[in-house]
Number of protein chains: 2
Amino acid sequence: MTPTRGYHHGDLRRALLDTAVEAISESGPAALSLRDLARRAGVSHAAPAHHFGDKAGLLTALAVQGFDLLAETLGQAGDDLLAAGVAYVDFAVRHRAHFEVMFRPELYRAQDPQVRAASDRAGNVLRDRVAGLPARDGGAGEPGRDALAAWSIVHGFATLWLAGALPPRVGDDPREAARYVISRLVE
Amino acid sequence: MTPTRGYHHGDLRRALLDTAVEAISESGPAALSLRDLARRAGVSHAAPAHHFGDKAGLLTALAVQGFDLLAETLGQAGDDLLAAGVAYVDFAVRHRAHFEVMFRPELYRAQDPQVRAASDRAGNVLRDRVAGLPARDGGAGEPGRDALAAWSIVHGFATLWLAGALPPRVGDDPREAARYVISRLVE
DNA sequence: CGAGCAATCTTGCCAGTGACAAGTTTCGAC
DNA sequence: GTCGAAACTTGTCACTGGCAAGATTGCTCG
């Protein structure tokens, strides 16, 4: 798979990001250790610093990757808001490590231009989907409020799901559960 | 205020919890240092361990305190779901440190009996308020789905607010903004 | 082809942290 | 007043992030 032999690793930056995703999925972003990443990748403890500067730099790169992945996922989800909402929750569960970093700005440099750009891309896709929401009660909906309400409900459900705070009767299929809950808003 | 003189602090447990809330409000739970707490309280670096065992023990106590405070806050908020939802968001903003710990179970012992009891108390109050939700479209609402949708939307809005992820046009008054968003669900 | 330069990675170090062990001081019950 | 238990201290260890300085390698340009 990855050669990893020789003085130069070859693709250390990517390897570190992949390993970080793995480690965060196991124990959360707080427990992430650069030295552990280095050990897993078979390099010295100072190697990560060369590519990312510091821990926040690595998590910044992970956040950019996450927002791009989210934009792509939402873009492929279909036109209507329900499908986009289900895709949002599904993204959070399938890419838990990315999701947990993305919305914890104290862990990385959220004002980094690359982060802002990627975050804007994802936000635009979400807003497009909200525009397809039918107006309620036959009247004109307020796009601002609809967007905030939609984002809040999917983000809240995803967060509670990841935290294990939801009661067992919700089941173990996040997509199905998300569809059930979101339909309360868009029905 | 606090005497703190003599070999015995007098009320170290409470002092540590209060200082922890302060520290977490400043820099988040990940940056919390037991040794820093001890310094702020004017005791030795190993004193906290006597009261809480380890870091997770301190955060467990903080979570219990948080869930109790949430139950109390929701109980005082009034009968209808909108008022409870606004109170939920207001709690998250005013007691940010507690809220951030409560829904990050990897930081503490979430299966601790005291935590489960306090968490159940808060959940029961929330469920009571959902029962007061008028059925939609004149038909019968589904209490399970209504409760999940309500919890999701308030939790999601609160989380996004705390993360600083919401656009500036939402304003700077969390209660007003929360009422605006939640009304989309309960109108 | 090969010389030098920049990127990559290493070793070594320092301060700070959480956890544990063992000792010291004080409180309170009897 | 004594004595046991609770509260707190000192000391230590392994680990972490970050920095500095050095070693190795790939790449570019003549």
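Note that this is a predicted model, so its numbers are computed, not measured.

Caption draft 1: Spotlight on the UniProt feature "DNA-binding region" (unreviewed entry) in chain A. With numbering aligned to this structure, UniProt lists the feature "DNA-binding region" (unreviewed entry) at residues 33–52 of chain A. Secondary structure content for residues 33–52 of chain A is 70% helix and 0% strand, and the end C-alpha separation is 13 Å.

Caption draft 2: Summary view of the interface of chain A and chain B. Facing the 32 residues of chain A at the interface are 32 residues of chain B. A combined buried area of about 3,400 Å² lies between chain A and chain B, and 61% of that area is made up of carbon and sulfur atoms. Scanning the region where chain A abuts chain B turns up two salt bridges. Measuring nitrogen to oxygen at the nearest pair gives 2.7 Å for the salt bridge that ties Arg-184 of chain A to Asp-146 of chain B.

Caption draft 3: Representation of the domain arrangement of chain A. Residue and element names in this part refer to chain A. Parsing chain A into structural domains produces domain 1 (8–53) and domain 2 (62–186). Just the C-alpha atoms count here: the centres of domain 1 and domain 2 sit 28 Å apart. When domain 1 packs against domain 2, the two sides together hide about 640 Å² of surface, and 74% of this comes from carbon and sulfur. At the boundary of domain 1 and domain 2, one finds zero salt bridges.

Caption draft 4: Seen up close, the relation of the copies chain A and chain B. For these two chains of identical sequence, chain A goes onto chain B by a turn of 180° and a shift of 0.0 Å along the axis, with RMSD 0.0 Å. Interpreted geometrically, this transformation is the action of a two-fold axis. If distances are taken from each C-alpha of chain A to the rotation axis, the shortest is found for Gly-156 of chain A, at 1.6 Å. Both copies contact each other with a shared surface, as 100% of the interface residues of chain A are interface residues in chain B too.

Caption draft 5: Broad picture of the nonpolar core. Core analysis: the biggest nonpolar cluster contains 122 residues, and Leu-59 and Phe-157 of chain A together with Leu-59 and Phe-157 of chain B have the highest contact counts within it. Not counting chain neighbours up to four residues away, the residues in contact with Phe-157 of chain A comprise Val-89, Leu-166, Val-170, Pro-174, Ala-177, Ala-178 and Val-181 of chain A together with Ser-152 of chain B.

Caption draft 6: Quick peek at the packing of helix α1 (residues 12–27) of chain A against helix α2 (residues 34–41) of chain A. Residue and element names in this part refer to chain A. Taken N-terminus to C-terminus, the directions of α1 and α2 make an angle of 120°; their axes are 9 Å apart at the nearest point. Here α1 is positioned oblique relative to α2, judged by the angle of their axes. Between α1 and α2 lies a crossing of right-handed hand. Contacts between α1 and α2 involve Leu-12, Leu-16, Thr-19, Ala-20, Glu-22, Ala-23 and Glu-26 from the former and Leu-37, Ala-38, Arg-40 and Ala-41 from the latter. Of the residues that constitute the contact of α1 with α2, the class distribution is seven nonpolar, one polar and three charged.

Caption draft 7: Layout of the packing of aromatic side chains. Residues and elements named next belong to chain A. Tallied over the full model, the rule gives eight aromatic pairs over all chains. Ring plane angle 90° and centroid distance 6.0 Å describe the contact between Tyr-88 and Phe-99, whose orientation is recorded as edge-to-face. Of this pair, Tyr-88 sits in helix α5 (residues 81–94) while Phe-99 sits in helix α6 (residues 96–102), and the two are 11 residues apart along the sequence. On the accessibility criterion, Phe-99 (4% relative accessible area) is buried. A ring pair is formed by Phe-157 and Trp-161, whose centres lie 6.1 Å apart and whose planes are at 45°; its orientation type is tilted. Of this pair, Phe-157 and Trp-161 both sit in helix α8 (residues 143–163), separated by four residues, roughly a single helical turn. Neither Phe-157 nor Trp-161 differs from the other in exposure class; each is buried.

Quick notes on the rules
Residues numbered from 1 in each chain as written. Chains lettered and ligands numbered in written order. Predicted model: local features only at pLDDT ≥ 70, side-chain atom pairs only at ≥ 80, totals over all residues. Heavy atoms only, no water. UniProt positions renumbered as here; feature names shortened; annotations may be inferred. Helix = DSSP H or I, 4+ residues; strand = E, 2+ residues; numbered from the N terminus. Contact = heavy atoms within 4.5 Å. Buried area = accessible area lost by both parts, 1.4 Å probe. Salt bridge = Lys/Arg side-chain N within 4 Å of Asp/Glu carboxyl O. Domains from an automatic or database assignment. Least-squares fit on C-alpha atoms with pLDDT ≥ 70 in both. Core = buried A, V, L, I, M, F, W, Y, C linked by side-chain atoms within 4.5 Å. Buried < 20%, exposed > 50% of the residue type's maximum accessible area, 1.4 Å probe, protein only. Axes fitted to C-alpha atoms, helices over the stretch in contact; angles between N-to-C directions. Parallel < 35°, antiparallel > 145°, perpendicular 65-115°, else oblique. Left-handed = near helix turned anticlockwise from the far one by under 90°. Nonpolar A, V, L, I, M, F, W, Y, C, P; charged D, E, K, R; others polar. Phe/Tyr/Trp six-rings, centres within 6.5 Å; stacked < 30°, edge-to-face > 60°.

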